[in-house]
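Chain by chain, the residues run as shown.
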Amino acid sequence: MTKERIQEFTRRITQANRSGLALIKFEILFAYFDDISRAFQENDRQGVEKGVHHADDVLKSFQETLDFQYEISPRLYALYDFHRRQLSKVLIRNSLDELTQSRKMLQKTYEAFSEAAKEDTSAPLMRNAQQVYAGYTYGKNDINEIYDVPSSRGFLA
């Protein structure tokens, strides 16, 4: 993943609420899937392994943050576990078949989360983060973003 993409995800995370954060994690996962595919096409075994490791970390974070008070959580845990095993098969079988299958299935999960996120009107999880305003000025090729940095960033005592 490029530094610019990482910065974009980081900026979006600082502005996201709980539902938005889940969507961003899915998008990060899909970016790692793209990295795996690219490395596989270039016969870069280390790149494939690195991408699989990062994608597995994202799926693991989904599992670790589940709230088992809800009846859907065990099903989601099993779903994420299945996809973690599918990623292992990418390395073992040296094939992208499992990755393609996982991406299709996770895309449907992403779409379901996206529909649920439309109803979430909660505040961003990170308080005291810099605000980003886009569209006030335009650059030659894109929209410039303006950052409003609070005077007391970080943890408040």
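This text gives an overview of the structure that appears in the document. (Residues numbered from 1 in each chain as written. Predicted model: local features only at pLDDT ≥ 70, side-chain atom pairs only at ≥ 80, totals over all residues. Heavy atoms only, no water.)

Another aspect to go through is the layout of surface pockets. Computed from the structure, the largest pocket encloses a volume of approximately 690 Å³. The leading source of residues in the lining of the largest pocket is helix 2 (residues 18–41), at five residues. Considered class by class, the residues forming the lining of the largest pocket number 12 nonpolar, three polar and four charged. (1 Å grid on protein atoms, 1.4 Å probe; cavity = no way out; pocket = protein on both sides within 12 Å on 5 of 7 lines; lining within 4 Å. Points joined across faces, edges and corners; volume = space filled by probe spheres on them. Helix = DSSP H or I, 4+ residues; strand = E, 2+ residues; numbered from the N terminus. Nonpolar A, V, L, I, M, F, W, Y, C, P; charged D, E, K, R; others polar.)

For the coordinates displayed, the defined rule picks out eight salt bridges. Of the charged contacts, one joins Arg 45 and Glu 49 as a salt bridge, the two residues approaching to 3.4 Å between their closest N and O atoms. One end of the pair is Arg 45 and the other is Glu 49, both in helix 3 (residues 45–64) and four residues apart, which spans about a single turn. Residue classification places Arg 45 among the partly exposed residues on the basis of a relative accessible area of 37%. (Salt bridge = Lys/Arg side-chain N within 4 Å of Asp/Glu carboxyl O. Buried < 20%, exposed > 50% of the residue type's maximum accessible area, 1.4 Å probe, protein only.)

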